[in-house]
Amino acid sequence: MLLERLEKSLRGIPFEAIVVDDNSPDGTWRLAEELARERYPWLRVVRRVNERGLGSAIIRGLREARGRYVAVIDADLQHPPELLPTMLKTALETGADVVIASRYVRGGGVEGWSRYRLLVSKAAGLVARLLLPEVRRIRDPMSGYWLVRRDIIEGVELEPRSWKILLEILVKARPRKVVEVPYVFRERLRGESKLRLRHMVEYLLHVLHLSNYRVLKFAGVGATGTIVNLAVLKALVEGLHVPLYIAYLASFEASLTWNYTLHDRITFKGRRPRGFANAVRYWARYHKAALGGLATYYTLSMLLSAAGVYYLLAALIGIVAGFAVNYLVSEHHVWS
């Protein structure tokens, strides 16, 4: 049915279809080869004997393709082949390097998903947008249905760390223009979803790798800043008997400058233009951007202290609460 719909949808458009099969025990590759010989001359079959994985299969298909544009589509008809001409037309008319069939733009949607499956999809997309600045304006970076201009991925090392190869392309190929077109993700006609906990873990590790593990570096630097914060706070309160409301601010400033220095040298290394003047300018930007974290830290610390929580514990809770705010602001507005 897929091949029939492809042929009908792309009538008048020169195309080839590549089936990448991991030596399926049900003989999918054999059936595809028979269909290519007997009925569909535009069908090519790549049979992989000692390889496994959807991500590596997609990359193999991209490398085998010969057309100017390459589209990735599932064979279970959850992705309507009838959308392919629209995706190609959009690429040609807008000059887009990548066209994404999106479930989350106006006119798109999903069919037959449970609340859990929808939550997982939304959460995965949110993680990608938070950790990867390259995809933060894309509504559906998790889409498995997309079209790319082949020349932008030539020479780009794509790694099959998970099945979300679109993220690899968006981050590594740096497409100049990405356009999303709506579609409705249909229920599969046969089989069942292969999404498992292992795939979710692979995806999270993939996103961390693409982000150059910045969030972990940010957390590591933040941990050292926490030590600086608490040490300065203890010295001011117990050594110099400085009032708490002043000590909290002074210790926060000490840790903020400490963190900025390490982030500039480690977490976001190479993003800031060189020169002392730029270092000062980014230091000021970091302070300005950290106001949200300061408000979270200071307000929560003071409220907890007033409620009787030990002041060092109150400060620690405030620091943790401001971590997410500080990271997002730093990633997307300071060293953007």
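The following refers to the structure shown. (Residues numbered from 1 in each chain as written. Predicted model: local features only at pLDDT ≥ 70, side-chain atom pairs only at ≥ 80, totals over all residues. Heavy atoms only, no water.)

The next thing to look at is the packing of helix α5 (residues 115–131) against helix α7 (residues 197–210). Packed helix pairs are specified by the crossing angle of their axes together with the interaxial distance, meaning the distance between the axes. It is the contact of α5 with α7, at a shortest axis distance of 10 Å, that shows an interaxial angle of 15°. With respect to each other, α5 and α7 are oriented roughly parallel. Two packed elements cross with a definite hand, and for α5 against α7 that hand is right-handed. Of the residues in α7, those in contact with Y116, V120, A124, G125, V127, A128 and L131 of α5 are M200, Y203, L204, V207 and L208. (Axes fitted to C-alpha atoms, helices over the stretch in contact; angles between N-to-C directions. Helix = DSSP H or I, 4+ residues; strand = E, 2+ residues; numbered from the N terminus. Parallel < 35°, antiparallel > 145°, perpendicular 65-115°, else oblique. Left-handed = near helix turned anticlockwise from the far one by under 90°. Contact = heavy atoms within 4.5 Å.)

Here K164 lies in the loop between β6 (146–149) and α6 (165–173). Buried within the structure, K164 lacks any salt-bridge partner; its nearest side chain of opposite charge belongs to D140, at an N-O separation of 7.1 Å. Not counting chain neighbours up to four residues away, the residues in contact with K164 comprise M142, Y203 and H206. (Buried < 20%, exposed > 50% of the residue type's maximum accessible area, 1.4 Å probe, protein only. Lys, Arg positive; Asp, Glu negative; His and termini not counted. Salt bridge = Lys/Arg side-chain N within 4 Å of Asp/Glu carboxyl O.)

Looking now at the sheet that holds strand β3 (residues 69–72). Taken in spatial order, the 4 strands of this open sheet run β3-β6-β4-β7, and their pairing is mixed. Two strands lie at the open edges of the sheet, namely β3 and β7 (178–182), each paired on one side alone. With strand direction ignored, the average angle separating the axes of adjacent strands in the sheet is 20°. In the sheet, strand β4 (residues 98–102) pairs with β6 via 3 bridges, with the strands oriented antiparallel. Along β6, the bridge assignment pairs V98 with V148. In this fold α6 packs onto β4, β6 and β7, with an angle of close to 35° to the strand it touches most, β6. (Pairing = 2+ DSSP bridges.)

The values reported here are purely geometric and, on their own, carry no functional implication.
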